Amino acid sequence: MEIMADRVVLIHYTLKDDNGAVLDSSAGGEPLAYIQGHGNLVPGLEKALEGQQEGSTLAVSIAPADGYGVRDEGLIQRVPKRSLQGAGELKKGMQFQARTEDGMRLFTVTAVVGDMVTLDGNHPLADQTLNFDVEVVTVREATGEELEHGHVHGAGGHHH
Ligand code: ZN
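Keep in mind that what you see is a predicted model, and the values were worked out from it rather than measured. (Residues numbered from 1 in each chain as written. Predicted model: local features only at pLDDT ≥ 70, side-chain atom pairs only at ≥ 80, totals over all residues. Heavy atoms only, no water.)

Trainee: Account for the sheet that holds strand E7 (residues 103-113), with residues named and values stated.
Mentor: Taken in spatial order, the four strands line up as E5-E8-E7-E6 in an open sheet, and their pairing is antiparallel. Each of the sheet's edge strands pairs with one partner strand only, and the pair in question is strand E5 (76-80) and strand E6 (95-100). Neighbouring strand axes in the sheet, compared pairwise and without regard to direction, differ in orientation by 40° on average. Pairing analysis gives five bridges linking E7 to strand E8 (residues 116-120), with the strands arranged antiparallel. Directly across from Val109, in E8, lies its bridge partner Leu119. (Pairing = 2+ DSSP bridges. Helix = DSSP H or I, 4+ residues; strand = E, 2+ residues; numbered from the N terminus. Axes fitted to C-alpha atoms, helices over the stretch in contact; angles between N-to-C directions.)

Trainee: I'd like a description of the domain arrangement of the protein, backed by residues and values.
Mentor: For the protein, the assigned domains read domain 1 (7-68 + 126-149) and domain 2 (73-120). Each of domain 1 and domain 2 has a C-alpha centre, and the two are 29 Å apart. (Domains from an automatic or database assignment.)

Right, here's the structure in full:
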């Protein structure tokens, strides 16, 4: 079966930077399960997988704009500590998800000075070319419930 919108896809992947260093990999664990066409992967990877067959392997190099984005200094902001109540003790290097106008975004604390915290909303892999080696393990139709929830149930997905 080939990969197209609304199909559940299980992949094994290894992500490397331009120097060949492994940034992330599913090797040795469960494959990653996602629903094609729902923006669950970075745009360049989803595009490269469209039309691929179960069992195929591919190597794809993704420019930052189709990956985790180009670094944007406008995503760096200083906010008072008190506006981050519930985030726990704030330390440089800590990361948390927060809702923004563009949906959920990962923020990294880059400085804590007095009562002010500097947050960087750029993805840690912004500006990086993403080099993926991917093996398509399984492709199947998504169930109505999976499409409704927007995530995969069962192997590699949610259990609830
Ligand atoms: Zn669910």
